[in-house]
Amino acid sequence: MEAQAQGLLETEPLQGRDEDTVASDDFSSMLSEEEREELKAELVQLEDEITTLRQVLSAKERHLVEIKQKLGMNLMNELKQNFSRSWYDVQTTTAYKKTHETLSHAGQKATAAFSNVGTAISKKFGDMSYSIRHSISMPAMRRK
């Protein structure tokens, strides 16, 4: 009894053989021999179709590579195109536009601030130059 209770409490997923056992126990008893044969035939048909589709896909991929080679398209060109397209996509996002606008505005403010600082420094040097010239030209301020 304890072993049965333990089995009901297991939480690990079914693996390989366990799934086959459960599947055969659950459905094999419910299916008639005719239904089982129909399902086997359908299974074989689906597997054949999948194989055919894989072969067709492989042929199409080879043809695609040939066309790209004829057109001179290679991996590097594709990477460049993908990068350009991605960069364009980024630039057209609202977030990028807002960030660009904000940084542009901040750059303009910084430029104006540096210009004002430069003007103030130039003015101070100009005042100092005038002061030095003025003191040199005044004999009373010279010490000998």
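About the cut-offs
Residues numbered from 1 in each chain as written. Predicted model: local features only at pLDDT ≥ 70, side-chain atom pairs only at ≥ 80, totals over all residues. Heavy atoms only, no water. Helix = DSSP H or I, 4+ residues; strand = E, 2+ residues; numbered from the N terminus. Buried < 20%, exposed > 50% of the residue type's maximum accessible area, 1.4 Å probe, protein only. Areas by Shrake-Rupley, 256 points an atom, 1.4 Å probe, with all protein chains shown as cover. Phe/Tyr/Trp six-rings, centres within 6.5 Å; stacked < 30°, edge-to-face > 60°. Salt bridge = Lys/Arg side-chain N within 4 Å of Asp/Glu carboxyl O. Patch = residues over 30% accessible without salt bridge, like charges linked within 9 Å, V, L, I, M, F, W, Y side chains within 5 Å. Expected span 1.5 Å × (residues − 1). pLDDT = per-residue confidence, 0-100. Contact = heavy atoms within 4.5 Å.

**Brief notes about the overall build of the chain**
Item 1. On a plain count of helices and strands, the chain comes out with five helices and zero strands.
Item 2. Listing each helix as α and each strand as β along the chain from the N terminus yields α-α-α-α-α.
Item 3. Taking all 144 residues of the chain together, the buried fraction comes to 0%.
Item 4. A total accessible area of about 13700 Å² is found for the chain, and carbon and sulfur atoms account for 60% of it.

**A look at the packing of aromatic side chains**
Item 1. Across all of its chains, the model carries one aromatic pair by this definition.
Item 2. Here the aromatic rings of Trp87 and Tyr96 are separated by 5.8 Å at their centres, their planes lie at 80°, and the arrangement is edge-to-face.
Item 3. Residue Trp87 is classed as partly exposed on the basis of its relative accessible area of 41%.

**Some words on the pattern of salt bridges**
Item 1. Counted according to the given criterion, the structure contains two salt bridges.
Item 2. The closest approach of N and O atoms between Arg36 and Glu33, which form a salt bridge, is 3.5 Å. Within this pair, Arg36 and its partner Glu33 are both found in helix α3 (residues 33-70), separated by three residues, close to a single helical turn.
Item 3. Looking at Arg36, the relative accessible area reads 25%, which means it is partly exposed.
Item 4. With its nearest N and O atoms 3.0 Å apart, the salt bridge here joins Glu78 to Lys68. Taken together, the residues span a long stretch of sequence, with Glu78 in helix α4 (residues 75-91) and Lys68 in helix α3 at a distance of 10 residues.
Item 5. Classification of Glu78 as partly exposed rests on a relative accessible area of 24%.

**Section: a nonpolar patch on the surface**
Item 1. On the surface, Val117, Ile121, Phe125 and Met128 cluster together into a nonpolar patch covering about 400 Å² of accessible area.
Item 2. Mapping Met128 onto the fold places it in helix α5 (residues 94-137).

**Here we look at α3**
Item 1. Relative to the 56 Å expected for 38 residues at 1.5 Å per residue, α3 spans 56 Å between its end C-alpha atoms, a close match to the ideal helical length.
Item 2. Gly72 sits one or two residues past α3 and shows a positive phi near 80°.

**As for the confidence of the model for the chain**
Item 1. Here the chain averages 79 in pLDDT, while 69% of its residues score no lower than 70.
Item 2. Predicted confidence in the chain is weakest over helix α1 (residues 2-9), with a mean pLDDT of 47, and strongest over α3, with 94.
Item 3. Every residue in residues 1-9 is under pLDDT 50, and counting partners more than four places away or in other chains gives zero contacts.

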